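# Examining the three-dimensional arrangement
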Amino acid sequence: MKKVLTVFGTRPEAIKMAPIIRELARRADEFSSFVCVTAQHREMLDQVLDFFQIMPDFDLNIMKKGQDLYDVTSGVLLGIRGVLKQVEPDIVLVHGDTSTSFAAALAAFYAGIKVGHIEAGLRTRNLKAPFPEEANRQLTARLADFHFAPTATSKQNLIFEGIPESRIFVTGNTVIDALFWARNRVMMLPQSVFSSALGRSAEVVESSEKIVLVTGHRRENFGAGFINICEALKEIAQSNPDVHIIYPVHMNENVRKPVYDLLKEVTNVHLVDPLEYSQFVYLMAKSCLIITDSGGIQEEAPSLGKRVLVMRDMTERPEALSTGLVKLVGTNRKKIVTEANKILNSDIGNCLVKEDAKLYGDGRAAFKIVNVINEAEL
Ligand code: UD1
Ligand code: UDP
């Protein structure tokens, strides 16, 4: 039996690793599966673990309020040393571009253990955007033995960097597996579940025709960027009184402070705490427009047929750009307002565009990844 150790620490990694963990568990006769969470995030990670019913075997519990990159990277590197010694896995799976992913890959490499990199090959080729994620994923690629690329474009990025083609597997992104799973669950949940999470905004979600869903957390947008974003949202809300903006605010204080300071008094802006995944999926499906700087939402929204304005100057997910579903607007106040108004002031039919579920995957990425691990010589 192959021994697989899956390591992750933040909300998006947990959502995207969950389908793999569930697939490994389903094939318990072929794999001995261990889960280690670093808890780079705490509350936002636990929400996902609860939703996907994942019980970690190890929890490094590293999160500190106001942690910096040194705290996270050293906490993971030192914390994982004992886990690797205890489990002695055949392979360590890491995801994407967080500091947890890079530090866990480095720890496995030091221990002479093979590394599988999920969501490999996304690139902007600008180490400052997104920061530090572009560096984290490039560094992880140098250490990985197996590269699970979500799309043909990400495979080409890896080949360009000299990764042997035989080590790259195009599987689709596991976020689409997770999204489909959550979407099915959402349909089975009673309405009251959503009402309790949204508080006084619940009624608005049900009755409003035009909802704008917003998220934001990128480090490079802290400071002036977030102030511009908030001012743009205020202008959109005030010039479109029929529109309601729902904004689940990330727990980082660098985000919460400007967002609450600048937006809490605006009547049609609804600030709520981070939502459980199924609730967020429900809201994406209900929205007319999504405005975000998130990576994962750029993949999910087009699969739900939703338009996205991305508050970044460049993206490592170019696939959706060419379809027109996703548009880069940076953190320029005027650009955000103009592009949002174009969509909000047009016909309601414009809120839903043609679904293209195949852009980032077909919902079977985890199955394909686990098959590769099963057949690999470790
Ligand atoms: C991290 C990742 C980023 C990813 C994002 C997803 C790095 C360097 N950054 O950024 O790639 O896109 O997660 O959201 O790996 N906090 C809480 N509770 C939580 C989560 C966060 O209180 O459950 C607060 C804490 O004060 C923490 C701070 O947010 O110190 C920042 O968390 P951190 O993981 O360092 O950075 P993110 O901006 O969340
Ligand atoms: N998400 C969620 N609840 C929220 C906001 C986002 O479950 O309140 C999900 C979202 O659907 C996506 C992921 O969290 O799958 C994105 O996480 P985040 O934006 O924090 O990180 P990124 O994708 O930018 O790394």
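For the structure, check the block above.
In this report, we go over the structure that sits alongside the text.

Calculation criteria
Residues numbered from 1 in each chain as written. Chains lettered and ligands numbered in written order. Predicted model: local features only at pLDDT ≥ 70, side-chain atom pairs only at ≥ 80, totals over all residues. Heavy atoms only, no water. Buried < 20%, exposed > 50% of the residue type's maximum accessible area, 1.4 Å probe, protein only. Helix = DSSP H or I, 4+ residues; strand = E, 2+ residues; numbered from the N terminus. Pairing = 2+ DSSP bridges. Right-handed = clockwise from strand over helix to strand, strands pointing away. Near = heavy atom within 4 Å. Polar contact = N/O pair within 3.5 Å; in protein donor to acceptor, adjacent residues only side chain to side chain. Areas by Shrake-Rupley, 256 points an atom, 1.4 Å probe, with all protein chains shown as cover. Nonpolar A, V, L, I, M, F, W, Y, C, P; charged D, E, K, R; others polar.

### Some words on the pairing of strand β11 (residues 289-292)
- Across the two faces of β11 the burial is the same, with Leu289 and Ile291 and Ile290 and Thr292 all buried.
- As paired strands, strand β8 (residues 211-215) and β11 are joined by 4 bridges and run parallel to one another. Within β11, the position partnered with Val212 by the bridge is Leu289.
- With 4 bridges connecting them, β11 and strand β12 (residues 307-310) associate as parallel partners. Paired with Leu289 across the strands is Arg307, a residue of β12.
- With helix α13 (residues 296-303) bridging β11 and the parallel β12, this β-α-β connection has right-handed handedness.

### With respect to the sheet that holds strand β7 (residues 168-170)
- The strand order β3-β2-β1-β4-β5-β6-β7 describes an open sheet built from 7 strands, whose pairing is parallel. Strands at the two margins of the open sheet, each flanked by one partner only, are β3 (58-59) and β7.
- Note: strand β1 (residues 2-8) against strand β2 (residues 31-37), 7 bridges, orientation parallel. Residue pairing for β2: Val7 is matched across the bridge by Cys36.

### Notes on the site of ligand 2
- If you check the shell around ligand 2, you find 16 residues, and the closest are Arg11, Leu275, Gly295, Gly296 and Glu300.
- A distance of 3.0 Å separates an oxygen atom of ligand 2 from a polar side-chain atom of Ser294.
- Notes on ligand 2: free accessible area 540 Å², of which the protein chains cover 95%.
- The class makeup of the residues in the shell around ligand 2 is 9 nonpolar, 4 polar and 3 charged.

### What about unusual backbone geometry?
- Following Ala129, the chain continues to Pro130 via a peptide bond in cis, the omega torsion being -5°.
- Note that Pro130 resides in the loop between β5 (114-118) and α5 (133-143).
- The omega torsion across Phe131 and Pro132 is 0°, close enough to zero to call that bond cis.
- Inspection of the secondary structure puts Pro132 in the loop between β5 and α5.
- In the Ramachandran plot, Asn61 falls in the positive-phi region, its phi being about 50° despite a non-glycine side chain.

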